[in-house]
Amino acid sequence: MSRDVTPEVTPADRAAAETVEQLIRHRLSHALGGWRGSIETALPTVAFIAIWSWRQDLKLAVWSAVGVALVLAGARILQRSSLQHVLGAVFATGIAAFFAMRSGKAEDAFLPGMLLSGAYLVGTLISILARWPVVGFLVGAGDPRAAEDPFAWRRDSGMVRVCSRLTWVLVALYAVRLSIQVPLYLAAQVEALGVAKIVLGWPLWIAGVAVMGWLLMRGSTPQQVVAPDTQPAADDD
């Protein structure tokens, strides 16, 4: 005997959302970090650019950035708070330091980030074309039942359509980031690269989230109730 369940909508979700757009806003608020995470991401770059501008010493600039990242991680550990964002900053700073020290060029500290943005640009485009939009995974990650059914969101064709539109915003973000950073990198404009990295980091993300919020506020796509053993509605849409 079959029974209808809605693995992608929990009781807490129902209390906070009646449409797909409201549900996505509710879950993205849990999946995205706050201001502290943005500061922790930017501070190592600020230290690198400050020391480089002051001394033109690549080693000192690199180790200053690494030191700042480690101090931030230590503060998180002492406070017993989440290490999610600061560990990302530590890892990214370490990779950037490796690239810069290996080549001896300060601008190469920004090369890993640009390569990653390029990979994300291609990946987000492919996810839209394959009808597995990246934003859908962010929404799914906010579902308390994600461990049991991580792809429940894709059985709702409306959810897939909305997430595809939101993923196009990510495509635009990565395109803007690369269109500014690549010319600066080729011109070896280290200070400008540092400023661009900060501005095109969380501030650009905030702008992107604002655009997503505008799209979500405009829409009113009804949620679908589907059983977990049914064919994904996204494939039939």
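Quick caveat, the model's predicted, so the values are computed rather than measured. (Residues numbered from 1 in each chain as written. Predicted model: local features only at pLDDT ≥ 70, side-chain atom pairs only at ≥ 80, totals over all residues. Heavy atoms only, no water.)

### With respect to the side chain of serine 127
Among the secondary structure elements, serine 127 is positioned in helix 6 (residues 111-129). When its relative accessible area of 8% is taken as the criterion, serine 127 is described as buried. From its side chain, serine 127 meets the backbone nitrogen of valine 134 in a polar contact 3.3 Å long. Excluding anything up to four places from it in sequence, serine 127 contacts Trp132, Pro133, Val134 and Thr167. (Helix = DSSP H or I, 4+ residues; strand = E, 2+ residues; numbered from the N terminus. Buried < 20%, exposed > 50% of the residue type's maximum accessible area, 1.4 Å probe, protein only. Polar contact = N/O pair within 3.5 Å; in protein donor to acceptor, adjacent residues only side chain to side chain. Contact = heavy atoms within 4.5 Å.)

### A look at the nonpolar core
Within the largest apolar cluster, 41 residues are counted, with the highest numbers of intra-cluster contacts made by Phe48, Leu58, Val62, Phe110, Val135 and Val190. The set of elements that each furnish at least two residues to this core consists of helix 3 (35-55), helix 4 (58-79), helix 5 (84-103), helix 6, helix 7 (134-141), helix 8 (157-186), helix 9 (190-199) and helix 10 (202-218). Per-element accounting of this core gives the leading share, twelve residues, to helix 8. With residues near it in sequence (within four places) discarded, valine 135 still touches Cys163, Leu166, Thr167, Leu170 and Met212. (Core = buried A, V, L, I, M, F, W, Y, C linked by side-chain atoms within 4.5 Å.)

### A closer look at the packing of aromatic side chains
Going through the model one piece at a time under the given rule, you end up with nine aromatic pairs. Between tyrosine 120 and tyrosine 174 the ring centres are 5.5 Å apart and the planes differ by 40°, which places this aromatic pair in the tilted class. In this pair, tyrosine 120 is assigned in helix 6 and tyrosine 174 in helix 8, connecting sequence segments 54 residues apart. On the basis of relative accessibility, which here comes to 7%, the residue tyrosine 174 falls in the buried class. Here tyrosine 174 and tryptophan 205 contribute two aromatic rings whose centre-to-centre distance is 6.2 Å and whose plane-to-plane angle is 85°, an arrangement assigned as edge-to-face. Here tryptophan 205 lies in helix 10 and tyrosine 174 lies in helix 8, a separation of 31 residues in the sequence. Owing to a relative accessible area of 25%, tryptophan 205 belongs among the partly exposed residues under this scheme. Through pairs of rings, three or more aromatic residues link up here, namely Trp132, Phe137, Phe151 and Trp153. Over the ring of tryptophan 54 we find arginine 55; its NZ or CZ atom is 5.3 Å from the centre of that ring. (Phe/Tyr/Trp six-rings, centres within 6.5 Å; stacked < 30°, edge-to-face > 60°. Lys NZ or Arg CZ within 6 Å of the ring centre and 35° of its normal.)

### Topic: unusual backbone geometry
Although it is not a glycine, glutamine 56 sits at a positive phi angle of roughly 55°. Inspection of the secondary structure assignment puts glutamine 56 in the loop between helix 3 and helix 4. Residue arginine 131 is not a glycine yet carries a positive backbone phi of 65°. Relative to the assigned elements, arginine 131 resides in the loop between helix 6 and helix 7.

### So, helix 4
The end-to-end C-alpha distance of helix 4, which contains 22 residues, comes to 32 Å, matching closely the 32 Å that a straight helix rising 1.5 Å per residue would cover. The N-terminus of helix 4 is capped by aspartate 57, whose side-chain oxygen sits 3.2 Å from the backbone nitrogen of lysine 59. Looking at the residues trailing helix 4, positive phi occurs at arginine 80, about 55°. (Expected span 1.5 Å × (residues − 1).)

### Concerning a nonpolar patch on the surface
On the surface, a cluster of nonpolar side chains totalling about 220 Å² of accessible area is made up of Ile39, Leu43 and Val46. What makes isoleucine 39 partly exposed here is its relative accessible area of 46%. (Patch = residues over 30% accessible without salt bridge, like charges linked within 9 Å, V, L, I, M, F, W, Y side chains within 5 Å. Areas by Shrake-Rupley, 256 points an atom, 1.4 Å probe, with all protein chains shown as cover. Salt bridge = Lys/Arg side-chain N within 4 Å of Asp/Glu carboxyl O.)

### Some points on the environment of leucine 60
In this fold, leucine 60 is placed in helix 4. On the accessibility criterion, leucine 60 (32% relative accessible area) is partly exposed. C-alpha separation for the pair leucine 60 and phenylalanine 48, spaced twelve residues apart in sequence, amounts to 8.4 Å. When near neighbours in sequence (up to four residues on either side) are disregarded, leucine 60 contacts Ile51 and Arg55.

### Points about the packing of helix 8 against helix 10
At their nearest, the axes of helix 8 and helix 10 sit 10 Å apart, and the two run at 155° to each other. Taken together, the axes of helix 8 and helix 10 are roughly antiparallel relative to one another. When the axes of helix 8 and helix 10 are compared, the crossing they make is right-handed. Residues Val162, Arg165, Leu166, Val169, Leu170, Leu173, Tyr174 and Arg177 of helix 8 touch helix 10, and the partners they reach there are Leu204, Trp205, Gly208, Val211, Met212, Leu215 and Leu216. A class-by-class count of the residues in the contact of helix 8 with helix 10 yields twelve nonpolar, one polar and two charged. (Axes fitted to C-alpha atoms, helices over the stretch in contact; angles between N-to-C directions. Parallel < 35°, antiparallel > 145°, perpendicular 65-115°, else oblique. Left-handed = near helix turned anticlockwise from the far one by under 90°. Nonpolar A, V, L, I, M, F, W, Y, C, P; charged D, E, K, R; others polar.)

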